[in-house]
Amino acid sequence: MKNLLEVQNLTKKYGSKIAVDDVSFTLEQGKILGLLGPNGSGKTTLLKVLAGIQHPNAGTAHILGNSIGVETKGQTAFLSDVNPLFTSMKVDDAIDFYADFFTDFDKVKCDELLDFMKLSKNHRIKAMSKGMIEKLNLSLIFARRARLFLLDEPLGGVDPVARERIVTTIIKTYSEDSSIIISSHLVHDVENTFDEVLMLHEGKIILSGDAEDLRSSHGLSINDLFVKTFQELL
Amino acid sequence: MQFTGSIPIYEQIMRYIKKEIITGELNGEDKIPSVRDLADRLSVNPNTVSRAYQELEREGLTETRRGMGTYIVGDKTMKDRIKKELSQDLVLDFVEEMKASGFTAEEIIGFVSERLEKETL
């Protein structure tokens, strides 16, 4: 399979603080990458650079051969760890908002996803729980025909039942045409969705590889490998 | 199905299918679920299920029929072959764990026969 994403020597600083430090990796089309690291390791910044929200200080990133910019914004769907929707909106307002904003938004697919998530269109966002808002945002993102999905902590602050539904949705939505990057520190719940794993520490890649190869070479689950790796560092 | 961490997921899926064959849940000529169906059901990456299916086919346990799906091959000797292979895997895991816990060969045999005698009572 060809590479959908190519990242080379990417660096992003906030003032003198280096958030992403000389990161290089590739991701094939149709693969799911687990981006793992503790809080403050640079996961969100890396995703924001790939989404075209933050500009790198050095290095390059290409999505389907295009350098990050106007063209790639239409190909990437970013799920922020902060709710981007106005809380006064109802679910159907949010759908209209997305449909206006993104030409690749598929309303039929969105309805299917909301149905599976058991979310009513009449809910007002203000009155929804954190888990419900996460499910709504995930449905909105996955209703786009994007090529690269960037999910920042999709399970953060969500109860175990909602987590399972979110993981199932990720698997159901998986397509061979697109790739997904999932950042998480709740590794156990999502590790069976990963093809590849990349661990970040202070903005640097400290471990990466094929998820199944890592399991057999270390004799550990990805979750245990994650805990072991960072116990030695922190 | 619950996965244990240290063994690759695709190997666990292969073992799962093999167990289904041994217990008679799956028989020769039976169709197995599509990659997507099993991925949904087990909540694992479809690429992982696909890899398990490729390996099963390579081992001659299944065959893909164009446009129809994946089937268990209708081979009578297969069940015995898988049984032997699976038992070797399970015994190996068990013996290694026992040895690592400091048990001698005689003790392992003793404990196993003691356990089996209890089961038959």
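Residues numbered from 1 in each chain as written. Chains lettered and ligands numbered in written order. Predicted model: local features only at pLDDT ≥ 70, side-chain atom pairs only at ≥ 80, totals over all residues. Heavy atoms only, no water.

Participant: Tell me about the overall build of chain A, and please be specific about residues and values.
Facilitator: A tally of helices and strands in chain A yields nine helices and 10 strands. Whereas a compact globule of 234 residues would reach a radius of gyration of roughly 17 Å, chain A reaches 17 Å, a difference of no more than 12%. Oriented by its inertia axes, the alpha-carbon framework of chain A measures out at about 50 × 35 × 35 Å. Within the span of chain A, comprising 234 residues, buried residues form 52% of the whole. Of all intrachain contacts in chain A linking residues separated by at least 6 positions in sequence, the fraction that spans at least 24 positions is 70%. (Helix = DSSP H or I, 4+ residues; strand = E, 2+ residues; numbered from the N terminus. Rg over C-alpha atoms; globule rule 2.2 N^0.38 Å. Buried < 20%, exposed > 50% of the residue type's maximum accessible area, 1.4 Å probe, protein only. Contact = heavy atoms within 4.5 Å.)

Participant: Give me the interface of chain B and chain A: which residues, what numbers.
Facilitator: Of the residues lining the interface, 17 residues belong to chain B; the matching set on chain A comes to 20 residues. Here chain B and chain A share an interface that buries about 1400 Å² over both sides, 47% of which is from carbon and sulfur atoms. There are one salt bridge connecting chain B and chain A. Here chain B is connected to chain A by 12 residue pairs in polar contact (both at pLDDT 80 or more). The set of elements that each furnish at least two residues to the side of chain B that touches chain A consists of helix 1 (9-22), helix 2 (35-42) and helix 3 (46-58) of chain B. For the side of chain B that touches chain A, the class distribution of residues is eight nonpolar, six polar and three charged. (Buried area = accessible area lost by both parts, 1.4 Å probe. Salt bridge = Lys/Arg side-chain N within 4 Å of Asp/Glu carboxyl O. Polar contact = N/O pair within 3.5 Å; in protein donor to acceptor, adjacent residues only side chain to side chain. Nonpolar A, V, L, I, M, F, W, Y, C, P; charged D, E, K, R; others polar.)

Participant: Describe in detail the nonpolar core, supporting the description with residues and values.
Facilitator: Grouped together as the largest cluster of nonpolar side chains are 74 residues, with contacts concentrated most on Leu136, Leu140 and Leu151 of chain A together with Ile13 of chain B. In terms of residue count, helix 1 of chain B provides more of this core than any other element does, seven residues in total. Each residue touching Ile13 of chain B, except ones within four places of it in the same chain, is listed here: Met1, Phe3, Leu38, Leu42, Val44, Thr48, Val49 and Ala52 of chain B. Ranked by size, the runner-up nonpolar core spans 23 residues in total, among them Val23, Leu47, Leu150 and Leu200 of chain A. (Core = buried A, V, L, I, M, F, W, Y, C linked by side-chain atoms within 4.5 Å.)

Participant: Outline the packing of aromatic side chains, supporting the account with residue identities and numerical values.
Facilitator: Residues and elements named next belong to chain A. Taken as a whole, this structure holds nine aromatic pairs over all chains when the rule is applied. Summarising the aromatic geometry, the rings of Tyr98 and Phe102 are spaced 5.3 Å apart at their centres and angled 45° between planes, so their arrangement reads as tilted. You can call Tyr98 buried: its relative accessible area is 8%. Note on Phe102: relative accessible area 22%, which makes it partly exposed. When the centroid spacing of 5.1 Å and the interplanar angle of 65° are considered together, the rings of Phe142 and Phe149 count as edge-to-face. Assigned by exposure class, Phe142 and Phe149 land together as buried. Members of the aromatic cluster, connected to one another through ring pairs, are Phe86, Phe97, Tyr98, Phe101, Phe102 and Phe105. (Phe/Tyr/Trp six-rings, centres within 6.5 Å; stacked < 30°, edge-to-face > 60°.)

Participant: Tell me about the confidence of the model for chain B, residues and numbers included.
Facilitator: Model confidence for chain B is summarised by a mean pLDDT of 91, while 99% of its residues fall at 70 or above. Across the assembled chains, the prediction reports ipTM 0.84 with pTM 0.89. (pLDDT = per-residue confidence, 0-100.)

Participant: Describe a nonpolar patch on the surface, and please don't skip the residues or the numbers.
Facilitator: Residues and elements named next belong to chain A. A contiguous nonpolar surface patch, about 360 Å² in accessible area, is contributed by Phe86, Phe97 and Phe101. Here Phe97 shows up in helix 3 (residues 91-101). Under the relative-accessibility criterion, Phe97 is labelled partly exposed at 35%. (Patch = residues over 30% accessible without salt bridge, like charges linked within 9 Å, V, L, I, M, F, W, Y side chains within 5 Å. Areas by Shrake-Rupley, 256 points an atom, 1.4 Å probe, with all protein chains shown as cover.)

Participant: Which residues make up the sheet that holds strand 5 (residues 66-67) of chain A, and what values do they have?
Facilitator: Sheets are built from strands paired through backbone hydrogen bonds, the pairs being either parallel or antiparallel. Residue and element names in this part refer to chain A. On the basis of which strands lie adjacent, the open sheet formed by four strands has the order 2-1-4-5 and antiparallel pairing. The outermost strands of the open sheet, each flanked by one partner alone, are strand 2 (17-28) and strand 5. One ladder, built from two bridges, connects strand 4 (residues 58-63) with strand 5; its direction is antiparallel. Its bridge partner being in strand 5, His62 is matched across the sheet by Ser67. Relative to the sheet, helix 1 (residues 43-50) contacts strand 1 (3-14), strand 2 and strand 4, its axis offset from that of strand 1 by approximately 120°. (Pairing = 2+ DSSP bridges. Axes fitted to C-alpha atoms, helices over the stretch in contact; angles between N-to-C directions.)

Participant: Give me the packing of helix 4 (residues 76-100) of chain B against helix 5 (residues 105-120) of chain B: which residues, what numbers.
Facilitator: Helix-helix packing is described using two parameters, namely the angle between the two axes and the distance between the axes. All names here are of chain B. Interhelical geometry of helix 4 versus helix 5 gives an angle of 120° and a closest axis separation of 10 Å. Looking at the two axes, helix 4 sits oblique to helix 5. The crossing of helix 4 and helix 5 is right-handed. Every residue of helix 5 that contacts helix 4 at Phe94, Met98 and Lys99 is listed here: Ile108, Phe111 and Val112. Across the contact of helix 4 with helix 5, the residue classes tally to five nonpolar, no polar and one charged. (Parallel < 35°, antiparallel > 145°, perpendicular 65-115°, else oblique. Left-handed = near helix turned anticlockwise from the far one by under 90°.)

Participant: If you had to explain the pairing of strand 2 (residues 62-65) of chain B to someone new, which residues and values would you point to?
Facilitator: A regular strand carries its side chains on alternate faces of the sheet. Residues and elements named next belong to chain B. Here four bridges tie strand 2 to strand 3 (residues 69-72), and the two strands are oriented antiparallel to one another. Across the sheet, the residue bridging to Arg65 is Gly69, located in strand 3. Where strand 2 hands over to strand 3, the hairpin turn is made up of three residues, of which Gly67 adopts a positive phi near 75°.

Participant: Lay out the packing of helix 4 (residues 107-116) of chain A against helix 5 (residues 130-142) of chain A in plain terms, naming residues and giving numbers.
Facilitator: All names here are of chain A. As a packed pair, helix 4 and helix 5 sit with axes 8 Å apart at the nearest point and diverge in direction by 150°. Considered as vectors, helix 4 and helix 5 are oriented roughly antiparallel to each other. Crossing handedness for the pair helix 4 and helix 5: right-handed. In this structure, helix 4 contributes Lys109, Cys110, Leu113 and Leu114 to the contact, and helix 5 contributes Leu136, Ser139, Leu140 and Phe142. For the contact of helix 4 with helix 5, the residue count by class is six nonpolar, one polar and one charged.

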